[in-house]
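# Observations on chain architecture
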Amino acid sequence: MKFVILETFKDIMRLVRWSNLLFLGVLVWLMEKWVAVPILDKARFGEQLPWYVLVLMGTAIVLIAAGGYVINDYFDVKIDRINRPDEVIVTRSISKPSAMRLSLWLSGIGLVCGIVSAVLLRSMTLGIVYVVVPGLLWFYSSSYKRLLIIGNITIALLAGLTPMMVAMANAAILQLRYSDFLAYTPVNSIYTWLGGFALFAFLLTWIREIVKDLQDQMGDRELECHSMPVVWGERWTKVFVTVLVVLTVAIIGHLWYHVLPFPTAWNSLSTRYIALGVVIPLLSSLWLLWAAKIPSDYKTCQQVIKLTMFLGMLYCICIVRGLV
């Protein structure tokens, strides 16, 4: 009995992509503690967001994402049986009705946490976001992901939304506490810095989603999904990914040279981190992409892109010196 419960728990953890959820939770904490708070400290406001609101926000984001992962696997059973038969969980160890209930519970609890945090901040914008995101995840899983470009863009936008939600939360509490002096608050700086991380998350997620479509193209073709590799072919999809990677590197180079408040010499921590932790892994993912022939090759490329995204988000620890 204990063995069965343990195996079921492991399958649920795999179903909700626990490592991705951990990254999301860490991302919310990083964006608040290592970007928003230093900006507020520099403006002599100090930390504004109460710890319990941050916990509610992080919980909401993580649980809504978990519900999205479950409902995605619920709708993708047929495709997954072709693309990754050994990794299918829904219908194998967890029934479809149980998966549906789990998704609704996770999304529902996440929505409640999000609405409570929005009420505490008196932010209608955040409240609307918490209501819209679960719906988008549902429609993405049921239909959008099978449409050309739309599905990839949807997930990329939702990934970029996480840093922006931290910005919106801080803007809301500053408005609540200092509405008479809002012109003197660092709201614009918070949106600018977190917007940069949001753009990075958007681009890296978009790239990774397209590579994932390349990995899954066999099942997508079988079930007539209109993913980029199915419609454009493998070669032109790789060309498009290459353009996105080059665009991302160009944006990073522009921000590094013209915007970031750090020395641009090679011996600076900022320059070395960007080059070794972001640019080189991104460019290496292109080599892996063009060399890929089988699904496992594309999976390796995906993992490199995911690691690059994580390292890029950790860059916020380097920028604190430039903010304070």
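Shown above is the structure to which this text applies.
This write-up is about the structure you can find in this document.

Scoring rules and cut-offs
- Residues numbered from 1 in each chain as written.
- Predicted model: local features only at pLDDT ≥ 70, side-chain atom pairs only at ≥ 80, totals over all residues.
- Heavy atoms only, no water.
- Salt bridge = Lys/Arg side-chain N within 4 Å of Asp/Glu carboxyl O.
- Helix = DSSP H or I, 4+ residues; strand = E, 2+ residues; numbered from the N terminus.
- Buried < 20%, exposed > 50% of the residue type's maximum accessible area, 1.4 Å probe, protein only.
- Contact = heavy atoms within 4.5 Å.
- Axes fitted to C-alpha atoms, helices over the stretch in contact; angles between N-to-C directions.
- Parallel < 35°, antiparallel > 145°, perpendicular 65-115°, else oblique.
- Nonpolar A, V, L, I, M, F, W, Y, C, P; charged D, E, K, R; others polar.
- Patch = residues over 30% accessible without salt bridge, like charges linked within 9 Å, V, L, I, M, F, W, Y side chains within 5 Å.
- Areas by Shrake-Rupley, 256 points an atom, 1.4 Å probe, with all protein chains shown as cover.
- Core = buried A, V, L, I, M, F, W, Y, C linked by side-chain atoms within 4.5 Å.
- Expected span 1.5 Å × (residues − 1).
- Polar contact = N/O pair within 3.5 Å; in protein donor to acceptor, adjacent residues only side chain to side chain.
- Phe/Tyr/Trp six-rings, centres within 6.5 Å; stacked < 30°, edge-to-face > 60°.
- Lys NZ or Arg CZ within 6 Å of the ring centre and 35° of its normal.

Tallied over the full model, the rule gives 14 salt bridges. For the salt bridge of Arg146 with Asp76, the shortest nitrogen-to-oxygen distance reads 3.1 Å. Highlighted residues: Arg146 in the loop between α6 (124-142) and α7 (150-178) and Asp76 in the loop between α3 (51-75) and α4 (77-83), separated in sequence by 70 residues. In this structure Asp76 comes out as buried when scored by relative accessible area, which is 4%.

With respect to the helices, strands and loops of the structure, Ile82 is situated in helix α4. Classification of Ile82 by relative accessible area gives partly exposed; the value is 32%. Between the alpha carbons of Ile82 and Leu223 there is a distance of 9.8 Å; along the sequence they are 141 residues apart. Setting aside residues no more than four positions away along its own chain, Ile82 makes contact with Met218, Gly219 and Glu222.

The interhelical angle for the contact between helix α8 (residues 187-215) and helix α13 (residues 295-314), taken along N-to-C directions, is 170 degrees, at an axis separation of 9 Å. With respect to each other, α8 and α13 are oriented roughly antiparallel. Facing α8, whose interface residues are Phe197, Phe200, Ala201, Leu204, Thr205, Ile207, Arg208, Val211, Lys212, Leu214 and Gln215, α13 presents Pro295, Tyr298, Lys299, Cys301, Gln302, Ile305, Lys306, Thr308, Met309, Gly312 and Met313. Residue classes in the contact of α8 with α13 are distributed as 13 nonpolar, 5 polar and 4 charged.

Among the surface-exposed residues, Trp51, Tyr52, Val55, Val112, Val116 and Leu120 lie close enough to one another that they form a single nonpolar patch of about 610 Å² accessible area. Every element with two or more residues in the nonpolar patch is listed here: α3 and α5 (96-121). Among the secondary structure elements, Val55 is positioned in helix α3. The exposure class of Val55 is partly exposed, given its relative accessible area of 45%.

To continue, consider the side chain of Thr308. Structurally, Thr308 is set in helix α13. We classify Thr308 as buried; its relative accessible area is 0%. Sequence-distant contacts of Thr308, defined by excluding residues within four places in its chain, comprise Phe200, Leu204, Gly277, Val278, Pro281 and Leu282.

Turning to the nonpolar core, a few remarks are in order. In terms of nonpolar packing, the biggest core is built from 92 residues, with Met31, Val35 and Met313 touching the most fellow members. No other element matches α8, which puts 15 residues into this core. In this structure, Met313 is in contact with Phe23, Leu27, Leu30, Met31, Phe197, Phe200 and Ala201, ignoring residues within four places of it in sequence.

Attention shifts here to α13. With 20 residues, α13 ought to run about 28 Å at 1.5 Å a step, and its terminal C-alpha atoms sit 29 Å apart, in line with that. Every buried residue of α13 is listed here: Tyr298, Cys301, Gln302, Val304, Ile305, Thr308, Met309, Gly312 and Met313.

Right, let's talk about the environment of Tyr140 for a bit. In this fold, Tyr140 is placed in helix α6. Residue Tyr140 is classed as buried on the basis of its relative accessible area of 9%. The sequence separation of Tyr140 and Gly108 amounts to 32 residues, and the corresponding C-alpha distance is 18 Å. Excluding residues within four positions of it along the chain, Tyr140 makes contact with Asn72, Lys145, Gly151, Thr154, Ile155 and Glu209. Among the polar contacts listed, one links the side chain of Tyr140 to the side chain of Glu209, at a separation of 3.5 Å.

Moving on to the packing of aromatic side chains. The full count for this structure, using the stated rule, is 10 aromatic pairs. Plain terms: the ring middles of Phe202 and Trp206 are 5.7 Å apart, the flat faces sit at 50 degrees to each other, and that makes the pair tilted. Separated by 4 residues within a single helix, Phe202 and Trp206 lie in helix α8, roughly one turn from each other. Looking at Phe202, the relative accessible area reads 17%, which means it is buried. Assessed through its relative accessible area of 12%, Trp206 is described here as buried. In this structure an aromatic cluster arises from ring pairing among Phe202, Trp206, Trp232 and Phe240. The ring of Tyr74 carries the charged tip of Lys96 above its face, separated from the ring centre by 4.5 Å.

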